[in-house]
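Here's the letter readout for the chains.
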Amino acid sequence: MSNNVIIFDTTLRDGEQALQASLTHREKMQIAFALERLGVDIIEAGFPVSSPGDFKSVQSIAREIKNSRIAGLARAIDKDIDAAAEALKVADAFRIHTFIATSTIHVEHKLRMSFDDVVEMAVRAVKRARNYTDDVEFSCEDAGRTPIDDLCRMVESAITAGATTVNIPDTVGYTVPSEFGGIIEALFNRVPNIDKAVISVHCHDDLGLSVANSIAAVQAGARQIECTINGLGERAGNCSLEEVVMIMNTRADQLGLTTHINSKEIHRTSTLVANLCNMPVQANKAIVGSNAFSHSSGIHQDGVLKKQDTYEIMTPETVGLSTNKLHLTSRSGRHVIRHRMEDLGYAKDDYDIEKLYENFLRLADKKGQVFDYDLEALVLFENLADEDDYYKLLSLSVQSGTDDCATATVSLQSGEDSTIEAAIGIGPVDSICKCINRITGYDVSIKDFKVASTSQGVDAMGQVNIMADWNGRSFHGMGLATDIIRSSARALIHIANDIRRSQQVNQLRNSGKE
Ligand code: KIV
Ligand code: ZN
């Protein structure tokens, strides 16, 4: 048996389905490119039959991504499998991932079928998927609570029907590691054709055991782990990619397992996903939390200064955190910025050096010194601003004080025109929102407003995340500036541009052009 564990990332499917506001097509593409750079073997890009938007994203990802294989999810029914194949066929090779529940509680109460009929459906689905591709994954939903005799029968039947990967999900995060490892061991002992497929696991984190369960499974012979960046996913989330990968890296002595992940891309991918998904990472989260490599107690600091591995089991550099002390100021030239970006893992075509340098100089004039995390934030936000953005901020002025109301004047470029509006609101952000609503004609209402600093100190840049409703749909906007009022305006303009794009997609669909 190979020592390599296949990393199957489902951030764009299981992770995305748990977000308050769906990711835009462009955001999904950004995440897919980051996952490819990270080196994941399989990217589950979505559930094509679930919506035209998901279909289109899976199709674009399958077309653009070359170094990771793309998978699409499908229930064990014909129309799902056909839709997945239709979306994926633009790729040279692809995977169809089909599933049906196997636990007694799901079979009896959700599916209301006999177990015999469920096996028949699964076999039919796998065979249908095999007509489109020779890479078919079958998942036994709620396998963690499935009687072992039933599970063995289902796994054997799926492999006989042509499944090349069989996935054992702990869908509700119920099992404990010894039990879950035991299930995998039982499958290896009892299923006669088990060596004809890769055994995969997909663990949820309801009891905080998804990573431990996945590790127990690979110790018992599983060779694919399904996981997500920052552990995003349904309810308490899925097994976190960065944690399982760094366990296998750091404890190779115990586990003897490898992956194709380039761990130096972990930090950057985690930050991108946290920002685009509006799901900040807790400070003390393993591997990617902001405190994961900082030492607070005097005894620990003293130890690390004397010898790093007294209190560090892995270095920050292995996950792409730089400890570079080079000072970047307004006197730094383009080549220094390019060099820093290269050290941070960015290729030349990941960003536009002219735009980055212009923004860098503006920031350096304000802050004096610019840090790595500032550069990364500038690139992320520069990439967010699309060339085809219809609305752009021209000018903004706000007056607020101890009185109950604030006044804003906002001027926006709207396509070829520029429009100016003034409004009174209960605070500066409310008054800006009213101005933008008047200009765009969208009646956007803010549901959640969060401000965070992207770095430290009084001169840190302020990142604003806004969740807003329009026409019964949730939208997420982000803005970054050294002034949080300007960040708020940018976040609201980001939302207005996304609303406009979603309207255009709907218009095209209604006129039958898509
Ligand atoms: O949790 C689960 O069982 C799933 C399957 C569709 C693999 O997400
Ligand atoms: Zn799941």
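As the structure is a computational prediction, the values presented were derived from the model and not from experiment.

## Re unusual backbone geometry
Moving on, step 1. At N230, a residue that is not glycine, the phi angle is positive and equals roughly 60°.
Moving on, step 2. Turning to its location among the elements, N230 is positioned in the loop between strand 8 (224-227) and helix 10 (241-250).
Moving on, step 3. Although it is not a glycine, R235 adopts a positive phi angle of roughly 50°.
Moving on, step 4. Note that R235 resides in the loop between strand 8 and helix 10.
Moving on, step 5. When its relative accessible area of 48% is taken as the criterion, R235 is described as partly exposed.

## Thoughts on the coordination of the zinc ion (ligand 2)
Moving on, step 1. For the zinc ion (ligand 2), the full set of protein donor atoms is D14 (OD), H202 (NE2) and H204 (NE2), and the range of their distances to it is 2.0 to 2.1 Å.
Moving on, step 2. Of note, the zinc ion (ligand 2) draws all its donor residues from one chain, in the sequence arrangement D-x187-H-x1-H. Of this pair, D14 sits in helix 1 (residues 11-15) while H202 sits in strand 7 (residues 198-203), and the two are 188 residues apart along the sequence.

## Some points on the domain arrangement of the protein
Moving on, step 1. The domain architecture assigned to the protein consists of domain 1 (6-277), domain 2 (322-384) and domain 3 (391-510).
Moving on, step 2. One C-alpha centre belongs to domain 1, the other to domain 2, and the line joining them spans 37 Å.
Moving on, step 3. Contact residues are listed per partner, giving nine residues for domain 1 and eight residues for domain 2.
Moving on, step 4. When the two sides are added together, the surface that domain 1 and domain 2 hide from each other amounts to roughly 660 Å², 45% of it contributed by carbon and sulfur.

## A few points about the sheet that holds strand 13 (residues 462-470)
Moving on, step 1. Judged by pairing direction, the sheet is antiparallel, and its three strands sit side by side in the order 12-13-14 without closing on themselves. On the outer flanks of this sheet lie strand 12 (445-453) and strand 14 (473-481), each paired with one strand and no other. If you compare each strand with its neighbour and ignore which way they point, the axes differ by 15° on average.
Moving on, step 2. Pairing geometry for strand 12 and strand 13, over eight bridges, is antiparallel. Each bridged residue has a counterpart across the sheet, and for V451 the counterpart in strand 13 is V464.

## Let's talk about the site of ligand 1
Moving on, step 1. As a structural note, the neighbourhood of ligand 1 is formed by R13, D14, H97, F99, S139, E141, N167, P169, T171, H202 and H204.
Moving on, step 2. Interatomic distance of 3.1 Å between a side-chain N/O atom of H202 and an oxygen atom of ligand 1.
Moving on, step 3. With respect to ligand 1, the side chain of H204 contributes an N or O atom lying 3.0 Å from an oxygen atom.
Moving on, step 4. In isolation ligand 1 offers 270 Å² of accessible surface; the protein chains occlude 93% of this area.
Moving on, step 5. Class assignment of the residues belonging to the shell around ligand 1 gives a composition of two nonpolar, six polar and three charged.

## What to know about the pairing of strand 10 (residues 406-414)
Moving on, step 1. Direction of pairing for strand 9 (residues 391-399) relative to strand 10: antiparallel, over a ladder of eight bridges. Its bridge partner lying in strand 10, Q399 is registered against T407.
Moving on, step 2. In this antiparallel pair of consecutive strands, strand 9 and strand 10, the connection spans six residues.
Moving on, step 3. Sheet analysis places strand 10 next to strand 11 (residues 417-425), joined by nine bridges and oriented antiparallel. Note that in strand 11 the partner of S414 across the bridge is D417.
Moving on, step 4. Between strand 10 and strand 11, which pair antiparallel and follow one another directly, the connecting turn spans two residues, one of which, G415, has a positive phi of 65°.

Criteria and cut-off values
- Residues numbered from 1 in each chain as written.
- Chains lettered and ligands numbered in written order.
- Predicted model: local features only at pLDDT ≥ 70, side-chain atom pairs only at ≥ 80, totals over all residues.
- Heavy atoms only, no water.
- Helix = DSSP H or I, 4+ residues; strand = E, 2+ residues; numbered from the N terminus.
- Buried < 20%, exposed > 50% of the residue type's maximum accessible area, 1.4 Å probe, protein only.
- Donors = N, O, S within 2.8 Å, 3.2 Å for Na, K, Ca; no water.
- Domains from an automatic or database assignment.
- Contact = heavy atoms within 4.5 Å.
- Buried area = accessible area lost by both parts, 1.4 Å probe.
- Pairing = 2+ DSSP bridges.
- Axes fitted to C-alpha atoms, helices over the stretch in contact; angles between N-to-C directions.
- Near = heavy atom within 4 Å.
- Polar contact = N/O pair within 3.5 Å; in protein donor to acceptor, adjacent residues only side chain to side chain.
- Areas by Shrake-Rupley, 256 points an atom, 1.4 Å probe, with all protein chains shown as cover.
- Nonpolar A, V, L, I, M, F, W, Y, C, P; charged D, E, K, R; others polar.

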